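Remarks on the overall topology
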Amino acid sequence: MSYIEPHAHMVSRTTDDYEKLALAGCEALCEPAFWAGFDRSSPQAFHDYFRQLTEVEPARAAKFAIRHFCWLCINPKEADDPGFAREVMTLLPDFLDKPNVLGIGEIGLNKNTRNELAIFEEHVQLALDRGLPVLIHTPHLEDKLKGTRIMLDSLANFSGLDPSMVIIDHVEEHTVRMVLDAGHWAGMTLYPESKCTPSRAIDILETEGLERIWMNSACDWGVSDPLAVPRCMLEMKRRGYSRETIRKVAFDNPRDFLSASTNFNLDI
Ligand SMILES: [Zn+2]
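Summary of the structure given here. Since the model is a prediction, treat every value here as computed from it, not as a measurement. (Residues numbered from 1 in each chain as written. Predicted model: local features only at pLDDT ≥ 70, side-chain atom pairs only at ≥ 80, totals over all residues.)

1. Here's the deal with the sheet that holds strand 1 (residues 3-5)
The strand order across the open sheet built from 8 strands is 1-2-3-4-5-6-7-8, with neighbouring strands paired in parallel fashion. Every interior strand has two partners, whereas the edge strands, strand 1 and strand 8 (213-216), have only one. Within this sheet the neighbouring strands show an average axis-to-axis angle of 25°, counted without direction. With 4 bridges joining them, strand 7 (residues 185-189) and strand 8 adopt parallel strand pairing. Counted as the bridge partner of Met-188 is Met-215 from strand 8. Lying on the sheet, helix 2 (residues 43-62) is in contact with strand 2 (26-32), strand 3 (67-72) and strand 4 (101-108); it crosses strand 3 at an angle near 165°. (Pairing = 2+ DSSP bridges. Helix = DSSP H or I, 4+ residues; strand = E, 2+ residues; numbered from the N terminus. Axes fitted to C-alpha atoms, helices over the stretch in contact; angles between N-to-C directions. Contact = placed C-beta atoms within 7 Å.)

Following this line, the structure appears as structure tokens:
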């Protein structure tokens, strides 16, 4: 069955993974800019990374008839050095007009510091100024609830920000409702060990409903599974969900949110 993978870090994955995604029915994937597993030594390293996201990965994906889109920013972890972060942000305008760029992301908080919040808000303002959607990363484990609250409060203070232009990713049982109640979209990340397992994600769909929610693998350089979304679709099928319902969560919902970007289209 066709699906969209809305969050995958393909710079860390092999070409075989692209083939597996294509065989599993992936029609399009989206790659947010993120931490590389180590801190970059210079803003120039981000220039190269943004080229990878806007030139190299789309070409790798195209070999398997997958549309590749990306989101650009400096990630929350490296944003804790505001001087460095602002230097990286000066690179963004040149890249935001590239044809596969959807918007600003994944911005957010890592350890909920003041510096991270300042850079988060500067990114949101940039997105507002350019009319772009925003993809937000929420912190891990014990920092998640507090970080999600801080960002929801911050977003509510931006006059003119349409909450439906923002997706807050890596939600779990204790954060999903507050995100949806604020009018934003919510992303569930299917990880083998942390965040949401497929079973927990389906339980969340059963308690919270199917509106303004998507699921993704967020596969990267760590323990993660590029096929997590089709595995969850299979689990939904086992639980007796209809084809239409599975398609809504795995294809229609991401397509609807991503269409907030004029660069999103599924024609190869
Ligand atoms: Zn990510």
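Picking up after the structure, the text goes on.
2. So, the packing of helix 3 (residues 82-89) against helix 5 (residues 114-130)
For any two helices packed against each other, one specifies the crossing angle of their axes together with the interaxial distance. At a minimum axis separation of 10 Å, helix 3 and helix 5 run at an interaxial angle of 20°. With respect to helix 5, the element helix 3 is oriented roughly parallel. Seen from above, helix 3 lies across helix 5 with right-handed handedness. Contacts from Pro-82, Ala-85 and Met-89 of helix 3 reach helix 5 at Asn-115, Ala-118, Ile-119 and Glu-122. (Parallel < 35°, antiparallel > 145°, perpendicular 65-115°, else oblique. Left-handed = near helix turned anticlockwise from the far one by under 90°.)

3. With respect to the nonpolar core
The tendency in soluble globular proteins is for nonpolar side chains to be buried as a group. Counting residues in hydrophobic clusters, the biggest one holds 74 residues, and the most contacted among them are Leu-29, Cys-70, Trp-71, Leu-72, Ile-104 and Met-188. Discounting residues that sit within four places of it in the chain, Leu-29 has contacts with Glu-5, Ala-8, Met-10, Leu-21, Ala-61, Ile-66 and His-68. (Core = buried A, V, L, I, M, F, W, Y, C linked by C-beta atoms within 7 Å. Buried ≥ 20, exposed ≤ 12 C-beta atoms within 10 Å, placed from the backbone.)

4. Remarks on helix 3
Along helix 3, the residues classified as buried are Ala-85, Val-88 and Met-89. Along the axis of helix 3, the buried positions cluster into a sector of 100°, meaning they face one direction only. Where the residues of helix 3 are buried, they touch helix 2, helix 4 (92-96) and helix 5. (Arc of directions from axis to C-beta.)

5. Points about the environment of Met-89
Checked against the element boundaries, Met-89 lands in helix 3. A count of 21 C-beta atoms within 10 Å places Met-89 in the buried class. Separated by 76 residues in the primary sequence, Met-89 and Arg-13 have C-alpha atoms spaced 26 Å apart.

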